[in-house]
Amino acid sequence: MSARRLQSGGLIDRTQTLRFKWDGRDMTGFAGDTLASALLASNERVLARSFKYHRPRGIMSAGVEESGALVTVGTGDRRDPNVRATTQELYGGLVANGQNAWPSVRHDVSAVNGLFGRFFAAGFYYKTFMGIPPFEWGSGTGMWMQYEKIIRRAAGMGEASRAPDPDRYEHGHTHCDVLVVGSGPAGLAAAHTAAEAGLEVLLVEQDCELGGAYLSEPGAVEERQNAIKALNDAGVRIMTRTTAFGLYDYSVAGLLERVTDHLSAPSEHLPRQRFWTVRARYTVVASGALERSIAFGDNDRPGVMTAAAGRTYLNRYGILPGSKVIVATTNDSAYTGAAELCRAGAAVTVLDARRSVDNSVLDLARNAGTGLRLGAAPLRAIGGKGVYSLDLAASDGDGWRADGSENCDLVLVSGGWSPVVNLSSHRGAKPVWDAENACFMPAASDEPLTMAGSAAGIWNTKGCIASGQVAGAHAAKALGKSAPAASAPSAGGWASPIRPVYEVTVPRKKLKSFVDPQHDVTTSDVRLAHREGYVSVEHLKRYTTLGMATDQGKMGNIIGLALMADALGKDIPEVGTTTFRPPYTPISIGALSGSSVGAHFRPLRRTPMHDWNLEQNGTMTEAGLWQRPWYFARAGETITEAYIRETDTVRKTVGLCDVTSLGKIAVQGPDATELLNRVYTNPFAKLAIGKARYGIMLRDDGMVMDDGTTWRLSDTDYFMTTTTAHAAKVMVWLEELLQTRWTDLKVHVTTVSEQWAGCAVAGPKCREVLEACVADKTVMSSEAFPFMGVIETTLKGGMPCRIARISFSGEMAYEAYVPSDYAMPLMEMLWKAAEARDGCLYGTEALGALRIEKGHVTGAELDGRVTIDDAGLGKMASPKKSFIGSAMRSRGDMGREDRPRLVGIFPKNRTQSFNAGSILCAEGKVEGLGEGWITAVTHSPELGHWIGLGFISSGYEPWAGKTVIAADPVRKGNIEVEIVSPHMVDPSGERMHG
Amino acid sequence: MIRIPCPFCGERDHSEFGYGGDGTIVYPALDAPAEEWVEAIFERENICGVQSETWQHVNGCRMWLLIERNTMTHEIQSVRPAHEGVAKALEESK
């Protein structure tokens with residue numbers, strides 16, 4: 001039909017033919033093409049179907065602002081939807097498909113939606129929630145739930161792969177003195193000036209080639225090459241295919257580097273994309289300007305694109321994009337391209353909305369031989385799957401009147417230029433409306449940030465270069481370097497002023513004129529929103545979804561604002577603009593997560609006996625970041641059978657359990673005793689050397705923070721253990737107290753969690769096991785080593801060891817710690833002795849069963865909402881001293897008798913089980929928040945049935961003998977239970993004392 | 001990303017630090033009445049402007065710092081060790 005590749009010209013390599021597939025058909029392009037340019041050269045016009053109406057859409061631009069040619073690239077688990085064909089580099093073997101259409105974008109059944117456009121107008125979703133307009137049919141019938149599914153499927157963009165992402169992503173960090181965003185004439189000049197001043201410069205460019213606007217200037221080839229060479233000579237670090245998508249506090253920028261998206265096959269050694277965090281000292285934003293369209297009838301037809309895009313396809317990609325071209329403009333910028341197209345062989349007519357234009361500009365057109373109509377504009381594009389004619393309008397007073405039509409196969413539109421102020425907007429600088437240039441200009445920033453080139457509203461190359469030099473000099477000066485003085489060019493730079501035209505319409509003619517083609521928002525949607533009372537631009541945006549598509553309204557926002565301003569009878573600056581937020585262009589979720597996926601989602605901590613546990617057939621579980629043994633199944637055992645056997649063995653003979661993950665803190669110094677006495681609720685002032693004590697810490701507000709044992713090793717040296725979960729928190733807390741609150745205390749705290757490996761030896765035969773392991777067995781005698789005693793001794797073979805006689809299981813037990821390097825020999829030695837005594841290894845499941853039987857609390861109970869009295873440990877709070885939380889722990893409601901308190905739970909029918917997380921309710925009152933909740937459940941081998949721990953109002957005494965309901969509506973249903981004392985096994989603690 | 005100039009480690013990302021709280025609070029004595037503790041713990045100013053706050057360089061030197069930060073702009077006006085003795089020693093070592 002019309003577009004064709006020229007024999008010469010452009011920056012493509014005609015010697016390298018690339019084969020690719022479009023919608024199942026084999027196509028070719030050249031190295032240097034984008035997917036869009038290759039399709040355009042093959043005269044493919046319909047590349048997509050629109051969001052709501054399924055209207056045919058083609059290429060609308062040649063860059064990141066693309067709203068039409070959104071396609072799906074890749075197949076299978078590498079299927080990537082909503083890719084802008086205009087920025088996707090072509091590679092051999094690329095597979096692209098049209099999206100949001102069936103059977104194909106060229107023949108789409110759902111195009112029938114276009115006939116029902118009135119039902120899909122602004123607010124469609126909100127209205128249909130209530131009923132179908134105009135009579136609210138079906139309102140309140142729940143009908144929405146039925147047709148919502150169908151509508152959701154019909155309206156939409158591409159579909160992402162549901163398979164796991166097979167690609168790798170990386171995070172990178174870097175520093176520089178000056179970050180320059182954009183490598184057009186301004187960016188190149190800024191980078192060069194800053195580098196020449198002796199600064200370390202990083203230049204980033206979203207395109208695969210440096211040059212920006214130079215790339216579309218046939219006469220600038222040498223100038224561009226020289227500028228790039230100068231940058232390389234000056235040592236500028238350059239990153240192409242890299243988008244600065246956001247600017248953040250302290251000159252921190254976020255970059256997305258597309259490493260392999262342009263390669264035929266994923267690289268074995270490279271990530272697909274890199275997410276960079278750059279800490280710059282100064283930022284120059286030379287991000288350019290984007291040309292905007294004009295709202296006129298059917299301005300979304302394939303074959304309507306920006307004037308700059310037409311020029312880029314001609315000059316960069318060597319394509320004559322149309323043979324009969326109408327260039328509709330409101331400003332000077334489209335004339336050069338019009339003349340170039342004419343010289344390349346197209347018949348060109350220029351429509352200029354202005355009635356008078358400077359001769360220097362008109363001469364460009366005249367000399368090239370284009371047709372020219374002043375005071376003329378496009379009224380309506382004709383042609384479903386490709387424009388073939390354009391209805392014209394002639395300027396009539398402030399408005400327009402219909403003025404015939406003209407045949408064409410390409411309409412290039414320039415409605416004016418919008419500086420890309422997005423990045424400065426990220427920094428909170430609200431753009432300022434410039435009426436003369438009809439655009440938002442970036443506001444001055446008080447941060448080390450300068451805008452340069454057309455991003456600062458400078459419209460000619462010379463001015464952009466000067467502006468870049470000034471920006472580079474600014475950066476140099478701000479960072480204490482000197483640079484040659486340059487005089488700043490002023491904004492603008494056209495010979496004749498722009499005529500701001502946002503919409504072309506004539507009275508009594510119904511037109512479908514698109515403001516935001518990607519979300520199918522038309523001028524009538526904006527007016528409808530106004531009629532329905534939406535006057536704020538923020539509301540307009542949300543109601544119509546204008547500017548909320550993947551392009552963030554890069555092409556259409558200003559038209560929408562202008563229409564709203566017009567409807568309100570206000571000026572554009574009074575209506576305001578919406579705030580741009582990162583990212584400037586879409587970022588894959590994969591890049592955001594980087595390598596933190598799967599097993600690398602968070603750090604992994606293994607105890608030094610990890611491998612040994614595995615060798616003993618241990619099954620591991622996660623406890624925070626730690627891998628801990630869960631249970632040690634013997635042949636044919638299930639987890640339940642295994643932990644019940646382990647629990648039973650500990651109660652009858654002896655068991656070993658890896659407890660290395662407990663937090664361990666060395667508390668040392670002359671005031672160590674005083675510190676402990678202040679942070680623990682119970683007295684520590686008189687703890688003897690060689691003794692351990694169980695302690696509870698509260699927060700300032702009186703709630704329980706953590707518990708653990710602390711061992712006194714000498715006058716000034718304590719060994720504190722914390723729970724696995726709160727080890728880091730307790731360490732930070734002690735440091736905070738010592739450094740900010742009690743700065744007079746002479747104490748040093750050091751985390752030694754990694755330095756010591758620990759094993760619990762629990763059960764009636766635990767002493768025998770240790771006697772078999774220590775070098776001198778007399779140290780284990782009950783007199784030398786009583787309950788709560790601590791010894792530092794040597795194991796056989798000279799292994800240093802510290803042991804405390806403490807118990808979490810309720811049996812007589814010890815915890816033995818050795819320097820981490822001795823972990824494996826320790827376990828081997830202990831296991832040899834334990835195995836000989838019919839002992840076992842036990843994991844966290846049995847550990848839990850043992851402690852639940854005893855009513856010992858852990859993190860499941862100490863969830864931050866529990867007081868020391870709630871946990872049944874009120875006796876641990878000394879009435880004789882003040883400690884952290886002592887003033888607050890009984891305030892107001894925290895002193896109420898009916899607070900939920902720790903209790904034990906039995907099923908009424910002893911053969912039944914129940915679930916942790918169930919709500920405890922009074923019989924016949926299964927509703928609301930109930931009376932309490934269940935925190936932990938286990939099978940008790942000792943009692944022969946299931947038991948639980950939990951909290952219930954007023955504690956167990958008032959509930960004795962009553963039936964309580966463990967309500968678990970979405971899982972087990974309601975189970976009848978009894979409330980008992982939390983000390984369900986050996987309440988007097990005889991076994992523990994041995 | 002706020003960049004915090006740690007007096008011991010140099011300028012670092014705020015993600016290396018843990019936020020403490022209001023740096024102007026003088027915590028009551030442990031035996032002070034509950035009313036004083038309520039005031040210290042719960043009754044906080046929501047400052048729009050320069051605020052004194054504590055941060056800890058958790059993934060660094062683990063020192064607690066007293067930082068003056070503008071809550072509107074994230075501009076950091078001053079940083080010193082929260083422990084007066086350490087701050088004084090650091091000052092003298094310069």
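Here the structure is a predicted model, which is why all the values come from computation and not from measurement.

1. Focus on the sheet that holds strand β39 (residues 748–751) of chain A
All names here are of chain A.
- As summarised here, the arrangement of the five strands in space is β36-β37-β38-β35-β39, forming an open sheet in which the pairing is antiparallel. Unpaired on one side and paired on the other, β36 (692–698) and β39 mark the two borders of the sheet. Ignoring strand direction, the axes of neighbouring strands in this sheet form an average angle of 30 degrees.
- The sheet contact formed by β36 and strand β37 (residues 704–714) spans seven bridges and is antiparallel. Opposite R693, over in β37, you have T710 as the bridge partner.
- Taken strand by strand, helix α19 (residues 727–741) contacts β35 (663–668), β36, β37, β38 (717–722) and β39, and its axis lies near 160 degrees from that of β39.

2. Examining the interface of chain A and chain B
- At the junction of the two partners, chain A supplies 27 residues and chain B supplies 24 residues.
- Approximately 2300 Å² of surface area, both sides summed, lies buried where chain A meets chain B, with 61% of it carried by carbon and sulfur atoms.
- Among the residues chain A hides against chain B, the three largest losses belong to Y250(A), Q739(A) and M888(A). Together they make up 28% of the total.
- A salt bridge links R62(B) to E735(A); its shortest N-O distance comes to 2.8 Å.
- When contributions to the side of chain A that touches chain B are tallied by element, the ones reaching two or more residues are β14 (273–285) and α19 of chain A.
- Residue contributions to the side of chain A that touches chain B peak at eight residues, all from α19(A).
- Along the lines of polarity and charge, the residues of the side of chain A that touches chain B split into 11 nonpolar, seven polar and nine charged.

3. Some details on the pattern of salt bridges
Residue and element names in this part refer to chain A.
- Evaluation of the coordinates by the stated rule reveals 64 salt bridges over all chains.
- Taking the shortest distance from any N to any O, the salt bridge between D869 and R889 comes out at 3.2 Å. Of this pair, D869 sits in the loop between α22 (844–854) and β45 (900–907) while R889 sits in the loop between α22 and β45, placing them 20 residues apart in sequence.
- According to the relative accessible area criterion, D869 is partly exposed, its value standing at 27%.
- By sharing partners, the salt bridges in this structure join R55, R57, D298, D300, R301, R380 and D520 into a single network.

4. Brief notes about the nonpolar core
Residue and element names in this part refer to chain A.
- F20, W22, L35, Y313 and V348 are the most contacted members of the largest nonpolar core, which totals 54 residues.
- Leaving out residues up to four positions away in the same chain, L35 has contacts with F20, V71, V73, A85, Q88, L90, L94 and A96.
- Within the second largest apolar cluster, 33 residues are counted, among which are V761, V774, M827 and L830.

5. A short note on the sheet that holds strand β18 (residues 324–329) of chain A
Residues and elements named next belong to chain A.
- Strand order in the open sheet formed by five strands is β16-β24-β18-β19-β20, with parallel pairing between adjacent strands. What marks the edges here is a single partner per strand, and that holds for β16 (304–306) and β20 (371–374). Each strand of the sheet is rotated relative to its neighbour by a mean of 20 degrees, with strand direction disregarded.
- Pairing of β18 with strand β19 (residues 347–352), which is carried by six bridges, proceeds in the parallel orientation.

6. As for the pairing of strand β4 (residues 50–56) of chain B
All names here are of chain B.
- With six of seven residues buried, β4 lies mostly within the body of the structure.
- By the bridge criterion, three bridges tie strand β3 (residues 18–22) to β4 in an arrangement that is antiparallel. Looking at the pairing, D22 lines up with E53 of β4.
- Sheet topology places β4 next to strand β5 (residues 64–70); seven bridges connect them, and they run antiparallel. Considered in β5, the bridge of S52 is made with E68.

7. Here's the deal with the environment of H530(A)
All names here are of chain A.
- You can see H530 is positioned in helix α11 (residues 523–531).
- The spacing of H530 and R971 is 441 residues in sequence and 50 Å in space, taken between C-alpha atoms.
- With sequence-adjacent residues up to four places away left out, H530 is seen in contact with M564, A567 and L568.

Parameters at a glance
- Residues numbered from 1 in each chain as written.
- Chains lettered and ligands numbered in written order.
- Predicted model: local features only at pLDDT ≥ 70, side-chain atom pairs only at ≥ 80, totals over all residues.
- Heavy atoms only, no water.
- Pairing = 2+ DSSP bridges.
- Helix = DSSP H or I, 4+ residues; strand = E, 2+ residues; numbered from the N terminus.
- Axes fitted to C-alpha atoms, helices over the stretch in contact; angles between N-to-C directions.
- Contact = heavy atoms within 4.5 Å.
- Buried area = accessible area lost by both parts, 1.4 Å probe.
- Salt bridge = Lys/Arg side-chain N within 4 Å of Asp/Glu carboxyl O.
- Nonpolar A, V, L, I, M, F, W, Y, C, P; charged D, E, K, R; others polar.
- Buried < 20%, exposed > 50% of the residue type's maximum accessible area, 1.4 Å probe, protein only.
- Core = buried A, V, L, I, M, F, W, Y, C linked by side-chain atoms within 4.5 Å.

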